[in-house]
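So you can see what is in the structure, the chains are spelled out below.
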Amino acid sequence: MSSDEQPAAPRRGEAVVLAGLRATLAKMECALSSLAEAIVWTDGEGTVQWCNRAFDELAGRPHIQVLGKCVRDFFVLRQAGKPVPQEENPLFGARACGGLCCDIETPNGIVLVEIQSRKLQLTAREDILIFVIRDVTQEQLALELQRSLREQAAAQERAEELNRQLFHADRLKAIGQLASGVAHEVNNPLTYIIGNLDHLAAVTDAFRADPNQGLPADLEEVIEETRHGAERISRIVRDLKVFSRSEQDQDDRSIDVRDTLDVALTLLGNEIHHRATLKRDYRSTPSVRCSESRLAQVFVNLLANAAQALSEGHSDEDEIRVCTRSDDQRRAIIEIHDTGSGIDPRDVPRAFEPFFTTKPVGEGTGLGLSICHGLVVGMGGTIEIESDVGSGTCVRVTLPGSVDSPAARSQTGRRLKDTAVGRLLVVDDDPAVARSIVRMLRAHEVVVVNSGHGALEKFTSDRGFDVVFCDLMMPDLTGMAVYERVCELYPGLAERFVFITGGAFTASAKRFVRTVPNLCLDKPLDLASVRDVIQRFVSSSARNRKQSAG
Amino acid sequence: MGRIVTFDEVVSAEDVPVVVANQRGLIDRVNQAFIDAFGWSQSEVAEQPLTMLIPSQFHDAHNLGFSRFLATERATLLGQALELTIVCADGRELAAEHFIVAKKIDDDWCFAAVIRAP
Ligand SMILES: Nc1ncnc2c1ncn2[C@@H]1O[C@H](COP(=O)(O)OP(=O)(O)OP(=O)(O)O)[C@@H](O)[C@H]1O
Ligand SMILES: [Mg+2]
């Protein structure tokens with residue numbers, strides 16, 4: 001139309017409308033072009049009428065080379081490597097519903113996309129097709145990652161379950177192994193308990209027949225002995241409980257590894273006894289934080305291996321040595337040495353593998369060390385093997401010390417606490433004094449040695465005493481010398497020394513008594529104060545034991 | 001053609017077909033070479049929308065792109081040789097090289113294009 005025919009005012013109005021429409025179109029174009037999804041619309045034949053920048057990029061062509069071209073010419077759609085059949089291909093006429101997920105080959109490589117398509121009928125004559133193409137490669141990768149993580153977690157779960165089962169199997173087997181040892185440990189006291197009960201029955205019969213004849217002099221002794229036997233059995237049972245505690249009852253707590261070793265040693269006593277001399281070398285050792293029964297399981301396995309590496313009947317020559325100490329980082333080191341067959345260097349790395357065994361079928365399942373490894377690592381520790389074929393093996397377990405670690409033996413393993421029956425050592429060169437103390441302390445388990453050297457000798461294998469009553473003045477080695485040696489070797493034990501003296505102090509003895517924190521009792525001993533001391537030691541904790549003594 | 005590059009060179013060119021348009025998208029004028037090449041007369045095209053020279057499948061893109069340029073003043077197609085299609089007076093569509101330039105004159109954009117058919 002010509003400008004002459006148009007009045008001026010409407011033309012200005014038109015210009016304003018036009019400018020407004022253009023501004024709206026500009027916004028639309030900018031907005032759609034900023035999207036990450038590729039958007040394209042075509043006429044009914046698939047000829048591109050407009051597309052956004054993301055589509056240009058997907059097509060890998062400049063904008064004007066996309067416009068006016070057929071949308072089908074840009075991509076081949078594939079699913080699982082095969083071209084999508086025409087009847088399912090949205091580019092050949094939009095599907096009404098849903099999207100299609102497929103690979104498209106672009107100039108930048110294969111991209112996994114989801115194509116949404118719509119057919120719009122704008123007028124009776126004009127259809128347009130709209131396609132929205134979304135790159136889902138990253139999404140898919142994320143999904144796959146998620147799936148593989150899920151699968152990994154499931155696999156881990158399965159592995160853990162298997163581990164739990166193995167752990168259980170190992171424990172059952174270890175318990176079986178223990179049964180024989182325990183039977184032996186229990187049978188000994190049972191033998192004399194039964195004998196004593198027979199004896200008591202005979203005494204009772206005799207007394208009924210003739211009350212005038214009185215009771216035999218050893219009656220109390222027999223009863224006491226029987227009680228001791230019963231107590232020994234109850235101790236073993238308690239140890240066994242430590243070991244067989246259920247999985248639900250696995251609280252970590254601060255543990256003196258020496259107590260746990262003792263438990264394992266009691267349980268395996270018989271097995272070891274026949275094959276080797278047992279040596280304990282317990283130095284000051286930090287407490288560790290873990291489940292006692294798991295730790296016991298580790299020790300039982302290691303001790304069983306050590307015992308099994310030795311042949312029976314050479315217990316004089318062969319030796320199992322159990323050492324505990326602290327390293328410079330205050331970790332607890334536990335070593336189990338044996339003088340057995342040793343492990344072929346080629347087998348050492350495999351020894352921790354599950355089911356690796358050199359033992360005959362039926363004897364070894366090959367689970368022991370792998371379980372130990374799992375348990376020790378679970379406690380934050382390490383386990384390693386040093387072995388020489390022919391000369392023996394050392395298995396070293398290193399465990400982090402617990403923060404609240406008292407170096408002294410804890411009360412956790414104390415067996416006599418509940419009944420307040422103590423295990424006592426009397427070190428006195430005078431047999432009569434020793435006997436009198438034994439009589440006085442009948443209610444407790446009393447061990448007697450008659451010299452300072454005897455005491456030190458005893459301590460190499462046995463330090464499970466609540467109190468050590470030690471004569472200060474002895475001809476071979478004074479109580480002071482014994483005490484000093486013990487301070488060096490077994491500091492935890494030194495706290496439990498109570499000195500006894502017959503007066504006649506030397507100057508150095510007086511000084512000694514003043515400087516050490518330990519109690520000193522005078523002979524003749526007064527029953528009440530001795531019992532008092534014992535009660536304190538047996539029932540108080542390691543910490544206030546020291547205070548009350550000092 | 002290397003020589004014709006600037007807006008002024010395009011507007012004043014005589015030996016190649018040239019079309020000039022205003023910022024409303026209406027054709028201002030065409031030169032004789034244009035009339036000779038594509039069959040349109042001056043009066044047929046003057047004051048008519050540019051879309052009469054553009055095939056219908058490009059109208060959406062033209063409208064959106066043209067509007068965007070006016071709003072943002074950021075060109076995507078200007079100053080380069082573009083392979084586009086032109087509609088002749090007899091309705092034929094010819095592939096032709098377009099070289100489009102723009103210039104702001106007194107606040108209004110002015111567009112000019114050299115269009116060479118092969
Ligand atoms: N102290 C040791 N001396 C010699 N060889 C050992 C010792 N400890 C472990 N081994 C070797 O490592 C192997 C694996 O030990 P592990 O405790 O895992 O299984 P096992 O003792 O064979 O069977 P299980 O413990 O299940 O009864 C043993 O078969 C043995 O060859
Ligand atoms: Mg084993």
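Basis of the calculations
- Residues numbered from 1 in each chain as written.
- Chains lettered and ligands numbered in written order.
- Predicted model: local features only at pLDDT ≥ 70, side-chain atom pairs only at ≥ 80, totals over all residues.
- Heavy atoms only, no water.
- Salt bridge = Lys/Arg side-chain N within 4 Å of Asp/Glu carboxyl O.
- Helix = DSSP H or I, 4+ residues; strand = E, 2+ residues; numbered from the N terminus.
- Buried < 20%, exposed > 50% of the residue type's maximum accessible area, 1.4 Å probe, protein only.
- Contact = heavy atoms within 4.5 Å.
- Buried area = accessible area lost by both parts, 1.4 Å probe.
- Polar contact = N/O pair within 3.5 Å; in protein donor to acceptor, adjacent residues only side chain to side chain.
- Nonpolar A, V, L, I, M, F, W, Y, C, P; charged D, E, K, R; others polar.
- Axes fitted to C-alpha atoms, helices over the stretch in contact; angles between N-to-C directions.
- Parallel < 35°, antiparallel > 145°, perpendicular 65-115°, else oblique.
- Left-handed = near helix turned anticlockwise from the far one by under 90°.
- Expected span 1.5 Å × (residues − 1).
- Lys, Arg positive; Asp, Glu negative; His and termini not counted.

Turning our eyes to something else, we now look at the pattern of salt bridges. All names here are of chain A. Taken as a whole, this structure holds 27 salt bridges over all chains when the rule is applied. In this structure, the salt-bridge partner of R227 is E224, at a minimum N-O distance of 3.4 Å. With a gap of three residues between them, R227 and E224 both fall in helix 5 (residues 219-244), about one helical turn apart. Accessibility expressed as a relative area gives 43% for R227, which makes it partly exposed. Between E319 and R321 there is a salt bridge, with its nearest N and O atoms 3.3 Å apart. What you see here is one network of salt bridges that share partners, running through R325, E335, E384, E386 and R396.

Glancing now at the interface of chain B and chain A. In this assembly, 21 residues from chain B lie in contact with 17 residues from chain A. Of the roughly 1700 Å² buried where chain B meets chain A, counting both sides, 64% is carbon and sulfur surface. Taken together, the connections running from chain B to chain A amount to one salt bridge. Along the contact surface separating chain B from chain A lie five residue pairs in polar contact (both at pLDDT 80 or more). Sorting the residues of the side of chain B that touches chain A by element identifies helix 4 (59-72) and strand 3 (81-87) of chain B as the ones contributing at least two each. Considering each element in turn, the side of chain B that touches chain A owes the most residues, 10 residues, to helix 4 of chain B. Taken together, the residues of the side of chain B that touches chain A sort by class into nine nonpolar, seven polar and five charged.

This brings us to the packing of helix 6 (residues 257-273) of chain A against helix 7 (residues 292-308) of chain A. Residues and elements named next belong to chain A. Interaxial distance between helix 6 and helix 7 falls to 9 Å at its minimum, and their mutual angle equals 40°. The orientation of helix 6 with respect to helix 7, classified from their angle, is oblique. Like other packed secondary-structure pairs, helix 6 and helix 7 cross with a definite hand, here right-handed. Residue-level inspection shows V257, T260, L261, A264, L265, L268, E271 and I272 of helix 6 in contact with helix 7, the latter providing E292, L295, A296, F299, V300, L303, A304, A307 and Q308. Broken down by class, the residue content of the contact of helix 6 with helix 7 amounts to 13 nonpolar, two polar and two charged.

With 14 residues, helix 4 of chain B should cover 20 Å at 1.5 Å per step; its first-to-last C-alpha distance of 20 Å lies within 8% of that length. Those residues of helix 4 of chain B that sit buried are A61, H62, L64, F66, S67, R68, F69 and L70 of chain B.

This paragraph deals with the side chain of R22 of chain A. Secondary-structure assignment places R22 of chain A in helix 1 (residues 8-33). D60 of chain B is the oppositely charged side chain nearest to the buried, salt-bridge-free R22 of chain A, at an N-O distance of 11 Å. One polar contact links R22 of chain A to S67 of chain B, side chain to side chain, over a distance of 3.4 Å. Apart from the residues lying within four places of it in its own chain, the contact partners of R22 of chain A are Q23, R24, G25, N63, F66, S67 and L70 of chain B.

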